[in-house]
Amino acid sequence: MNRLSLKTHAARGFLAGTIGDTILKTSGFISTAIILANVSPYQYGLWQLLLSISVAFGVVSVPSIAGMMVADLSREYGKKNDAYANNLLLHAAVLFLLLGVVGAVSMYLLASVVGEYTGINLVFLIQLLSLTLISYAVRQIYQLVFQSQLHLVHSQASKVLERAGYLLGIIIFVSILGRGVDGIAYAFICASFVPVLVYAPYIGKILKKAAADWQPGSWKNFFSEIWQRGKWALLTDGANAATGSFWPWVAGFFLGVEALGLLSIALLAVGQVATSIPIQYVLRSILPRTTGDMQLMHAWLLRSMRYSVWIYMVGGILLTALFAIVTPIWFPLYAAALPYVAILMFTLPLRGLGVIAGEYFFALGLQQSLFFVSTIPKVTMLALLPAFLYAGGVAGFLVWQILNADVVVYFRLRAIRQRDQQAIPFTSLFMPEHIDVVFIEKVLDMAKKRLKALVA
């Protein structure tokens, strides 16, 4: 695949991501608004604790392995090794589905134990949420196909379907039926299966075609290759699950469930901007195809970092202003979260750099290096969280979040510089280049053509 086609795919993916993300953010904002208007900070804190349990059991779905597989498949499809890539895809699909079932069954059976140990009487909801681990496994397979085969429009469309299903569920269960935390859970579960059902025929055809290259006797080689690098990805998943499931309980213990709800809303607001950039997912499909030319690879990496800084800075300012205007009027119970949002927005540019830099390690298959520059700092910071909370309360938690972003970015960029002996100039992250103008023009031109086609 030549450079021109890569730029075209990237432009198409960026355009699809931008349009899709606008829809995602709009529906997400409406969903959150309905939730905040109908539940208290304490109830929202309970929902975060429920989600943390799902995150803990979701570690068996090995999301880092999925990211590694996207890069591997993209590399093989880029080399035109379609038969090998199809066989690899089918093995990964079977593995993810089995792991999803194992995680769901484990979460269902241990729900009563979790409820007894934590003192939260939400066993039924925990059991219901176990179903989402199966839907997540299937959606992993879908994204594996979409991203590795450059079906980037469908990749984004499936996420839009899920978010639209969630919004509809929130309207029905929370707004109309007034189910509170139960309603959020019902909406979350139903929405997770919407893209699974809608895209089942489409993905089924692709997998059926790939089945011609299926080699059932190659499981040993598959697991050998996965384990060689995947053990580091598994450790990364374990650390991420521990961080995602542990911090809400620690924060709730030191600060109370209501404070946890307010902090969670602030983190959700920041997360809306942090997930608004489609460059990461486009890059995961494109960057592995450039590994044969390190200069080209660094050009893509640097350009993506620059775009992420721009988008995160603008998005952070706009969202803080929107939160300051809307919350005191419509959601006064959550107005106390405004200072938290304003402070956490300063982490966004660094967070964007860290996410984009992480794609470098996926593209080159450097899972061990990614573990040491990402997981070790995260685990270290997680161990320090109780001390931050004990010493500074909410302020301590905010400082802890900011340091988290700083530490991860520092170690990732440092590792890239040491490995390739190529520094990333600070000014290049802010100053546009001619190629940026060309890329933006390509995106705008493609958008105009799509708009004309829709109008016609």
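As the structure is a computational prediction, the values presented were derived from the model and not from experiment.

About the cut-offs
- Residues numbered from 1 in each chain as written.
- Predicted model: local features only at pLDDT ≥ 70, side-chain atom pairs only at ≥ 80, totals over all residues.
- Heavy atoms only, no water.
- Helix = DSSP H or I, 4+ residues; strand = E, 2+ residues; numbered from the N terminus.
- Contact = heavy atoms within 4.5 Å.
- Areas by Shrake-Rupley, 256 points an atom, 1.4 Å probe, with all protein chains shown as cover.
- Salt bridge = Lys/Arg side-chain N within 4 Å of Asp/Glu carboxyl O.
- Buried < 20%, exposed > 50% of the residue type's maximum accessible area, 1.4 Å probe, protein only.
- Polar contact = N/O pair within 3.5 Å; in protein donor to acceptor, adjacent residues only side chain to side chain.
- Axes fitted to C-alpha atoms, helices over the stretch in contact; angles between N-to-C directions.
- Parallel < 35°, antiparallel > 145°, perpendicular 65-115°, else oblique.
- Left-handed = near helix turned anticlockwise from the far one by under 90°.
- Nonpolar A, V, L, I, M, F, W, Y, C, P; charged D, E, K, R; others polar.
- Expected span 1.5 Å × (residues − 1).
- Phe/Tyr/Trp six-rings, centres within 6.5 Å; stacked < 30°, edge-to-face > 60°.

**Section: the overall build of the protein chain**
Point 1. Tallying secondary structure elements over the protein chain gives 16 helices and zero strands in all.
Point 2. In the protein chain, the share of contacts with a sequence separation of at least 24, taken over all contacts with a separation of at least 6, comes to 84%.
Point 3. Here the protein chain displays about 20,500 Å² of accessible surface, and carbon together with sulfur accounts for 69% of that area.

**Considering unusual backbone geometry**
Point 1. In this structure, K80 is a non-glycine residue whose phi angle is positive, near 70 degrees.
Point 2. Among the secondary structure elements, K80 is positioned in the loop between α3 (63-78) and α4 (82-118).

**Describing the pattern of salt bridges**
Point 1. Enumeration over the complete set of coordinates arrives at three salt bridges.
Point 2. Here E162 makes a salt bridge to R139, at a shortest N to O gap of 3.2 Å. You can see E162 sitting in helix α7 (residues 152-176) and its partner R139 sitting in helix α6 (residues 131-148), a full 23 residues away along the chain.
Point 3. Under the relative-accessibility criterion, E162 is labelled partly exposed at 23%.

**Some words on the side chain of T327**
Point 1. On the secondary structure map, T327 appears in helix α12 (residues 294-330).
Point 2. Since its relative accessible area comes to 4%, T327 is described here as buried.
Point 3. For T327, the side chain forms a polar contact with the main-chain oxygen of F323, separated by 2.8 Å.
Point 4. Contact partners of T327, with chain neighbours within four places excluded, come to P332, Y334 and A335.

**Regarding the packing of α3 against α6**
The geometry of a pair of packed helices is captured by two quantities: the angle between their axes and the separation between those axes.
Point 1. In contact at an axis separation of 9 Å, α3 and α6 are set at 25 degrees when each is read in the N-to-C sense. Taken together, α3 and α6 sit at an angle that is classed as roughly parallel. Considering only the axes of α3 and α6, their crossing is right-handed. Of the residues in α6, those in contact with P63, A66, M69, V70, L73, S74 and Y77 of α3 are Y136, Q140, L144, Q147 and S148.
Point 2. The residue makeup of the contact of α3 with α6, split by class, is eight nonpolar, four polar and no charged.

**Details of the environment of F223**
Point 1. Position of F223 relative to the elements: it lies in helix α9 (residues 219-255).
Point 2. Judged by its relative accessible area of 40%, F223 is partly exposed.
Point 3. Separated by 128 residues in the primary sequence, F223 and L95 have C-alpha atoms spaced 9.9 Å apart.

**Digging into the side chain of R139**
Point 1. The class of R139 is buried, set by a relative accessible area of 17%.
Point 2. Once residues within four sequence positions are removed from consideration, R139 is found in contact with T132, E162, S192, P195 and V196.

**Considering α6**
Point 1. Given a rise of 1.5 Å per residue, 18 residues ought to cover 26 Å, and the 26 Å separating the end C-alpha atoms of α6 matches this to within 8%.
Point 2. Burial analysis of α6 places 15 of its 18 residues in the buried class, which makes it a mostly covered element.
Point 3. Of the residues flanking the end of α6, it is L150, one or two places downstream, whose phi is positive at about 65 degrees.

**Observations regarding the environment of A251**
Point 1. Residue placement: A251 occurs in helix α9.
Point 2. Judged by its relative accessible area of 0%, A251 falls in the buried class.

**Regarding the packing of aromatic side chains**
Point 1. What the rule picks out here adds up to 18 aromatic pairs.
Point 2. Ring centres 6.4 Å apart and planes at 80 degrees place the aromatic pair W330 and F331 in the edge-to-face group.
Point 3. An angle of 35 degrees between the planes, with centres 5.7 Å apart, marks the rings of F397 and W400 as tilted. Here F397 pairs with W400, and both are found in helix α15 (residues 367-420), just three residues apart, close to one helical turn.

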